[in-house]
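# Commentary on secondary and tertiary structure
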Amino acid sequence: MRIPDDLFPRCPDGRIPPLAFYALYLQASGALSKKWTLLIASALFYLWGEPVFVLVLLVSTAFDYALSFHLNEPTPQRTRRLVLAAGIIGNLGMLVVYKYADFLIDNINLLLSPFGPNKLPLLHLALPIGVSFVVFEKITYLVDTWRNVSKPAKSLADYALFVLFFPKLLAGPILKYHEMKDQIASPPAIQWDDIFAGFLRFARGIGRKLLIADPLGAFATQIFAADPATIGTGYAWLGLACFTLQIYFDFAGYSDMAIGLARTLGFRLKENFNAPYVAQSITEFWRRWHISLTTWIRDYLYIPLGGDRRGDVRTYANLWICFLASGLWHGASWNFVLWGAYNGLFLTLDRLFLREALARCGRLVATAVTLFIVMIGWAIFRSENTAHIGPYLAALFGQSQSSGALDVPGEVPLALAIGALISLFPATPLYPWLVRQHERHTWLKTVTIAALLVIYLLALARAFAVPFQPFIYFRF
């Protein structure tokens with residue numbers, strides 16, 4: 001997988017500078033010229049990182065568009081179902097080939113190993129950036145057209161822009177065509193409020209990524225790369241706490257940047273995170289974390305499987321299927337499948353008794369227990385393979401014999417403290433009061449703007465001083 005160097009703060013030689021694109025977009029007059037300017041820029045943006053896969057993506061986009069005209073009435077129902085199946089299989093097939101082929105071959109070779117030494121060769125295909133996000137969005141278009149939620153796109157350019165729209169292209173949020181079709185068909189006029197609000201949202205995102213996620217991520221990588229028997233319980237928890245905040249600020253930071261960039265172009269994207277670490281149950285956590293993915297799973301997998309309409313046993317089975325699929329969506333490795341099963345287990349326990357039990361314990365206990373469950377899940381998620389999970393969990397619970405000290409970079413405790421404060425502050429009674437004060441007083445808004453400007457400058461300074469670390473979700 002090839003990832004552009006310094007994706008947002010700087011522009012590598014040979015790539016069109018973002019400011020040059022923005023000036024060109026502002027000069028475009030009329031919806032049609034804006035649409036084509038944005039489409040070409042989005043295609044070039046993806047071409048820079050994926051010069052080969054972009055051709056596959058464009059062909060599959062044209063294939064989806066052609067199929068969509070056979071998904072609406074008055075096409076016979078049987079034909080519509082066959083066309084929908086062809087579209088879904090085509091998109092999932094693209095995902096399987098690029099993301100899961102070697103994983104499947106490895107497991108087939110393992111199963112066949114007792115019967116002889118011959119092995120199927122691995123394909124070693126590079127994983128295209130953001131392929132999982134793209135495939136899920138393309139499936140929403142086909143399914144929503146089949147459900148008559150939306151009509152086929154008015155033009156191939158409209159649908160291609162939906163697929164390639166560069167702010168969200170690499171790591172979401174996962175969009176639905178019917179929610180974006182009006183903005184795509186007629187790109188909104190850009191207002192100064194959009195530019196300013198979008199820039200501030202982008203500044204928040206880049207600050208989350210470069211000032212919190214990256215310092216914590218470097219230390220988390222050091223801890224998880226070590227032999228769990230050598231790191232000690234305290235360092236195991238410190239590394240896990242760093243990763244817990246890293247994955248949130250890395251991914252929420254990208255979502256902020258995507259929403260902010262889209263806003264500077266006049267587009268409005270839906271929120272993707274809502275203070276997930278203040279959740280008081282695993283069910284609530286998944287309503288707050290990666291909202292566009294959990295919504296997709298609900299609408300396009302859980303409900304079609306029957307949801308909770310066919311009795312408790314079927315409901316629990318559906319939850320497990322959905323979260324096993326969610327785990328596998330995150331990566332071609334058994335630890336992701338185990339992570340999905342782990343979440344499916346606690347969602348089932350929530351429905352059985354856990355959510356009500358936590359509610360009776362009060363907000364503080366419920367939040368602490370939920371965060372503990374989530375963090376243990378992140379240990380499973382972050383482990384490089386299944387063999388690493390058991391020893392790392394053992395280290396967390398005092399089974400490590402090591403007492404050696406590790407060098408903790410000075411920026412880690414500060415980033416950890418700030419990240420924890422930002423993550424957990426919405427759970428305090430002070431938070432809603434502060435939000436109301438911010439809405440009432442202009443001086444507080446001015447302080448917020450000044451703080452975001454400082455954050456943006458500090459993030460840029462770090463971007464020039466420290467090598468760029470790719471966003472975690474680029475590999476999904």
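### Comments concerning the overall build of the protein chain
If you tally the helices and strands in the protein chain, you get 19 helices and 0 strands. For 476 residues, the compact-globule estimate of 2.2 N^0.38 gives 23 Å, and the protein chain sits close to it at 23 Å. The dimensions of the protein chain, computed from C-alpha atoms along their principal axes, are 70 × 65 × 50 Å. By residue count, 51% of the 476 residues in the protein chain fall in the buried class. When contacts within the protein chain are restricted to residue pairs at least 6 apart in sequence, long-range pairs at least 24 apart make up 77% of them.

### Side note on the environment of glycine 419
Within the element layout of this structure, glycine 419 appears in helix H17 (residues 411-424). For glycine 419 and leucine 457, which are 38 residues apart along the polypeptide, the C-alpha to C-alpha distance reads 19 Å. Residues within four places of glycine 419 in sequence aside, it is in contact with Ile212, Leu245 and Phe249.

### Quick look at the pattern of salt bridges
All chains considered together, the criterion is met by 17 salt bridges. Note that glutamate 179 is salt-bridged to lysine 270, the shortest N-O span being 3.2 Å. You can see glutamate 179 sitting in helix H8 (residues 177-185) and its partner lysine 270 sitting in the loop between helix H10 (232-264) and helix H11 (282-288), a full 91 residues away along the chain. Accessibility expressed as a relative area gives 33% for glutamate 179, which makes it partly exposed. With a relative accessible area of 53%, lysine 270 lands in the exposed category. Salt bridges linked by common partners bring Arg201, Arg204, Arg208, Asp256 and Glu271 together as one network.

### Describing the nonpolar core
Counting residues in each nonpolar core, the largest one holds 128 residues, and the members touching the most others are Tyr277, Trp289, Trp378 and Tyr473. Of the residues forming this core, the biggest block, 18 residues, is contributed by H10.

### Here we look at unusual backbone geometry
Despite not being glycine, histidine 124 shows a phi value in the positive range, around 55°. Turning to its location among the elements, histidine 124 is positioned in the loop between helix H4 (77-112) and helix H5 (131-146). Owing to a relative accessible area of 61%, histidine 124 belongs among the exposed residues under this scheme. The residue asparagine 148 is not glycine, and still its phi comes out positive at about 65°. For asparagine 148, a relative accessible area of 37% corresponds to the partly exposed category.

### Some thoughts on a nonpolar patch on the surface
Residues Val96, Leu104, Ile108, Leu111, Leu112, Phe115 and Leu120 make up a contiguous nonpolar surface patch of roughly 680 Å² in combined accessible area. Residue classification places phenylalanine 115 among the exposed residues on the basis of a relative accessible area of 71%.

### Quick word on the environment of leucine 416
For leucine 416, the position within the fold is in helix H17. Distance from leucine 416 to leucine 245, taken between C-alpha atoms, is 7.5 Å for residues 171 residues apart in sequence.

### Concerning the side chain of serine 68
Within the fold, serine 68 resides in helix H3 (residues 53-68). The exposure class of serine 68 is buried, given its relative accessible area of 0%. Apart from residues lying up to four places away in sequence, serine 68 is in contact with Tyr141, Thr145 and Pro152.

### Concerning the packing of aromatic side chains
By the definition in use, this model includes 45 aromatic pairs. Taking the centre distance of 4.1 Å and the plane angle of 25° together, the rings of tyrosine 141 and tyrosine 159 count as stacked. Taken together, the positions of tyrosine 141 in helix H5 and tyrosine 159 in helix H6 (residues 156-164) put the pair 18 residues apart, joining distant regions of the chain. Residue tyrosine 141 is classed as buried on the basis of its relative accessible area of 0%. A cation over a ring is seen here: lysine 168 above phenylalanine 162, with NZ or CZ 5.5 Å from the ring centre.

### A closer look at the side chain of aspartate 250
Relative to the assigned elements, aspartate 250 resides in helix H10. Once residues within four sequence positions are removed from consideration, aspartate 250 is found in contact with Lys209, Ala213, Asp214, Pro470, Phe471, Ile472 and Tyr473.

### Quick word on helix H12 (residues 291-302)
With 9 of 12 residues buried, H12 lies mostly within the body of the structure. Those residues of H12 that fall on the buried side of the exposure criterion are Ser292, Leu293, Thr294, Thr295, Trp296, Ile297, Asp299, Tyr300 and Tyr302. Summarising the contacts, the buried residues of H12 are in contact with H5, H11, helix H13 (312-330) and helix H14 (334-361).

### Quick look at the packing of helix H2 (residues 31-49) against H3
One way to put it is that H2 packs onto H3 with a least axis distance of 8 Å and a crossing angle of 140°. With respect to their mutual orientation, H2 and H3 come out oblique. Contact residues: H2 offers Ala43, Tyr46 and Leu47, while H3 offers Phe53, Val54 and Leu57. The residue inventory of the contact of H2 with H3, partitioned by class, reads 6 nonpolar, no polar and no charged.

The rules behind each value
Residues numbered from 1 in each chain as written. Predicted model: local features only at pLDDT ≥ 70, side-chain atom pairs only at ≥ 80, totals over all residues. Heavy atoms only, no water. Helix = DSSP H or I, 4+ residues; strand = E, 2+ residues; numbered from the N terminus. Rg over C-alpha atoms; globule rule 2.2 N^0.38 Å. Buried < 20%, exposed > 50% of the residue type's maximum accessible area, 1.4 Å probe, protein only. Contact = heavy atoms within 4.5 Å. Salt bridge = Lys/Arg side-chain N within 4 Å of Asp/Glu carboxyl O. Core = buried A, V, L, I, M, F, W, Y, C linked by side-chain atoms within 4.5 Å. Patch = residues over 30% accessible without salt bridge, like charges linked within 9 Å, V, L, I, M, F, W, Y side chains within 5 Å. Areas by Shrake-Rupley, 256 points an atom, 1.4 Å probe, with all protein chains shown as cover. Phe/Tyr/Trp six-rings, centres within 6.5 Å; stacked < 30°, edge-to-face > 60°. Lys NZ or Arg CZ within 6 Å of the ring centre and 35° of its normal. Axes fitted to C-alpha atoms, helices over the stretch in contact; angles between N-to-C directions. Parallel < 35°, antiparallel > 145°, perpendicular 65-115°, else oblique. Nonpolar A, V, L, I, M, F, W, Y, C, P; charged D, E, K, R; others polar.

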